[in-house]
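Notes for the structure review
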Amino acid sequence: MQVLSVTPEIFPLIKTGGLADVTGALPIALAAKGVTMRTLIPGFPTVMGAFKNMGAFKKKKAVYQNPSLQGGKASVHAVQIAGLDLFVLDAPHLFDRPGGPYGNASGADWPDNWRRFAALSQAGADIAGGAISGYLPDIVHAHDWQSAMTLAYMRYGEAVGTPSMMTVHNLAFQGQFGAGIFGELGLPAAAMALDGVEYYGGVGFLKAGLQAAWAITTVSPTYAQEIRSPEFGMGLDGLINMRSSDLHGIVNGIDTAIWDPATDKHLVSTYTVETLKGRAPNRAAVEDRFGLDRDDSPIVCVISRLTWQKGMDILATVVDGIVATGARLAILGSGDAGLEGALLAAAARHRGRIGVVVGYDEGLSHIMQGGCDAIVIPSRFEPCGLTQLYGLRYGCVPVVARTGGLADTIIDANEAAIAAGVATGFQFTPNNGGALLHAIRRLTDAHASPATFETIQRQGMKTDVSWDRSAEKYVELYRLLLSKRVA
Ligand code: ADP
């Protein structure tokens, strides 16, 4: 089975969040099940850099050329990087820019993002329709709004008969643009309709994908239910309800080779479920890096975008209360300037008890998982969440809001779960400061009893967080879609 994945991000080449981890890990997990996944990604500078470093760029002929893709010349190169089979869309007029994948160095979105990701999608649909000689995917799998239009271009083009899947990693990002862009998308006039790409009078990229997809998946069963309600549906709950028979929730796995405390090169000290004491040097490294006092109190960490979605404002309101429990806080993240300021101010107020590093640091995030006692995730909504899965694997006990994938992946350490030996973390609901603080108190109480705490840590470390089961579910769905294809 040949699946074409179309995505704006893929680990390890280009990552702003969990989407990249998923699109990077899934092809490898699927290969073990006999599915070949090739991935179309934009030729961002880091991607082209990796490609050119291999010396392969000059020698490789383009497998697809388009003299005028959204205003400039574009080509697709087939290449293997980091064990991934990639189609790289080289379109310098769209992707060869400094800054991040979606905006300039100061974080402002590029005004032509609709054009950039329409181009990616158009190339995806062209490939689905046979534009690359010798390659015809059986299924096309799109991720989030940036590649959602692939399914719309397929629906109104050559590849209308090819089964398609739309995975929603976060419904909050929808790619909504004014009606004025429609004329430049290259779609037939009929597409500007309620059952096409039209969305509240403009053009909705994710909406178009949800409408055209043969199947819709999101990244946890609970989130799949939640997005059917107005509270979580973000304006798309009506459409999602209409399509509920094609909607599936498949929880993400993690790459257990990259995230393995026994071999992790980022760690100061590696360890296993049998050698938890090996976490101590990592803990000391966290204390140094975050300027925390050296003592035996638990270190609770945060590794997150600092945003409203992640509940970082809720955390900011109870930091004094957290310090009062005796716990220390190590916070790594960036995002909202106001939240960064509030957390830095908290660190200044509580020297030695709260440390903040503003920024994105993959290596440090590993050390934190390998050294801290707990990771707190107070998200208002969380499609799946990955940091609690890394926490499980590393014995960094998750303290999570009971929503989305956080609800599906953590077993709350209530008395019954502790007695049964199945507890893996702490959940709280409703998501407010009081409930969060109560959960941190439960954590510090448990931490005071080393035998109980180590049982929870070990139980988490033994949890299967690999891609194996989830990849199997994707394969089942791909098979179902193939069975619906008209011969
Ligand atoms: P989202 O994709 O919504 O941001 P996820 O939990 O699904 O949230 O994935 C976040 C990913 O980004 C995880 O791999 C996490 O470790 C990583 N991450 C988030 N913030 C940082 C940071 N400041 N430094 C390093 N890694 C980070």
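Computed from a predicted model, the values in this text were never measured in an experiment.

Definitions and cut-offs
- Residues numbered from 1 in each chain as written.
- Predicted model: local features only at pLDDT ≥ 70, side-chain atom pairs only at ≥ 80, totals over all residues.
- Heavy atoms only, no water.
- Core = buried A, V, L, I, M, F, W, Y, C linked by side-chain atoms within 4.5 Å.
- Buried < 20%, exposed > 50% of the residue type's maximum accessible area, 1.4 Å probe, protein only.
- Helix = DSSP H or I, 4+ residues; strand = E, 2+ residues; numbered from the N terminus.
- Contact = heavy atoms within 4.5 Å.
- Pairing = 2+ DSSP bridges.
- Right-handed = clockwise from strand over helix to strand, strands pointing away.
- Phe/Tyr/Trp six-rings, centres within 6.5 Å; stacked < 30°, edge-to-face > 60°.
- Axes fitted to C-alpha atoms, helices over the stretch in contact; angles between N-to-C directions.
- Parallel < 35°, antiparallel > 145°, perpendicular 65-115°, else oblique.
- Nonpolar A, V, L, I, M, F, W, Y, C, P; charged D, E, K, R; others polar.
- Salt bridge = Lys/Arg side-chain N within 4 Å of Asp/Glu carboxyl O.
- Expected span 1.5 Å × (residues − 1).
- Polar contact = N/O pair within 3.5 Å; in protein donor to acceptor, adjacent residues only side chain to side chain.
- Near = heavy atom within 4 Å.
- Areas by Shrake-Rupley, 256 points an atom, 1.4 Å probe, with all protein chains shown as cover.

Across soluble globular proteins, you tend to see nonpolar side chains buried next to one another. In this structure, L40 and L185 are the most contacted members of the largest nonpolar core, which totals 75 residues. If you tally residues by element for this core, the top one is helix α5 (residues 113-128), at nine residues.

Before going further, it helps to examine the environment of K33. Here K33 is to be found in the loop between α1 (18-31) and β2 (36-42). Note on K33: relative accessible area 23%, which makes it partly exposed. Sequence separation of K33 and G352 is 319 residues, and the distance between their C-alpha atoms is 49 Å. With near-sequence residues (within four places) excluded, K33 lies in contact with D468, A471, E472 and V475.

For strand β7 (residues 164-168), the tally of buried residues reaches five of five residues, placing the bulk of the element in the interior. Residues S164, M166 and V168 of β7 are buried on one face, and the alternating residues M165 and T167, pointing to the opposite face, are buried as well. Alignment of strand β6 (residues 139-143) against β7, held across four bridges, turns out to be parallel. The partner of A142 across the bridge, within β7, is M166. The handedness of the β6 to β7 crossover, carried by helix α6 (residues 144-155), is right-handed.

Before going further, it helps to spend a moment on the packing of aromatic side chains. Throughout the structure, instances matching the rule amount to 13 aromatic pairs. When the centroid spacing of 3.6 Å and the interplanar angle of 10° are considered together, the rings of W259 and Y390 count as stacked. Of this pair, W259 sits in the loop between β12 (247-249) and α11 (280-290) while Y390 is found in helix α16 (residues 387-394), placing the two residues 131 residues apart along the sequence. A residue is classified by how much of its surface remains accessible, and W259, at 4% relative accessible area, is buried.

Here we come to the packing of helix α19 (residues 433-447) against helix α20 (residues 450-462). At a minimum axis separation of 6 Å, α19 and α20 run at an interaxial angle of 115°. In terms of their interaxial angle, α19 and α20 are classed as roughly perpendicular. Listed contacts from α20 to L443, A446 and H447 of α19 are P450, T452, F453 and I456. In the contact of α19 with α20, the residues fall into five nonpolar, two polar and no charged.

Attention now moves to the sheet that holds strand β14 (residues 328-335). Ordered by their spatial adjacency, six strands build an open sheet running β15-β14-β13-β16-β17-β18, and the pairing between neighbours is parallel. The strands lining the two open edges of the sheet, one partner per strand, are β15 (354-358) and β18 (426-428). Direction aside, neighbouring strands of the sheet carry axes that sit 20° apart on average. By the bridge criterion, two bridges tie strand β13 (residues 299-306) to strand β16 (residues 374-377) in an arrangement that is parallel. In the sheet register, C301 faces β16, and the bridge partner there is I375. Sheet contacts for α11: β13, β14 and β15; angle to β14, the most-contacted strand, approximately 65°.

This part takes up the pattern of salt bridges. The full count for this structure, using the stated rule, is 25 salt bridges. The salt bridge partner of E362 is K15, with a shortest N-O separation of 3.6 Å. Note that E362 is positioned in helix α15 (residues 362-371) and K15 in the loop between β1 (2-6) and α1, a separation of 347 residues in sequence. Given the relative accessible area of 22%, K15 is considered partly exposed.

Another point: α19. With 15 residues, α19 should cover 21 Å at 1.5 Å per step; its first-to-last C-alpha distance of 21 Å lies within 8% of that length. The set of residues buried in α19 consists of G433, A435, L436, L437, A439, I440, L443, T444, A446 and H447. Where α19 begins, the capping side chain belongs to N432, and its oxygen is found 3.2 Å from the backbone nitrogen of G434.

What follows covers the site of the ligand. Around the ligand lies a shell of 19 residues, among which K15, G18, R305, K310 and G359 are the nearest. Within the backbone of L386, an N or O atom sits 3.0 Å from an oxygen atom of the ligand. In isolation the ligand has 560 Å² of accessible area, and contact with the protein removes 92% of it. Residue assignment for the shell around the ligand shows that the elements contributing at least two residues are α1, β13, β14, α15 and α16. Here the shell around the ligand gets three residues from one element, more than from any other, and that element is β13. Partitioning the shell around the ligand into residue classes produces five nonpolar, eight polar and six charged.

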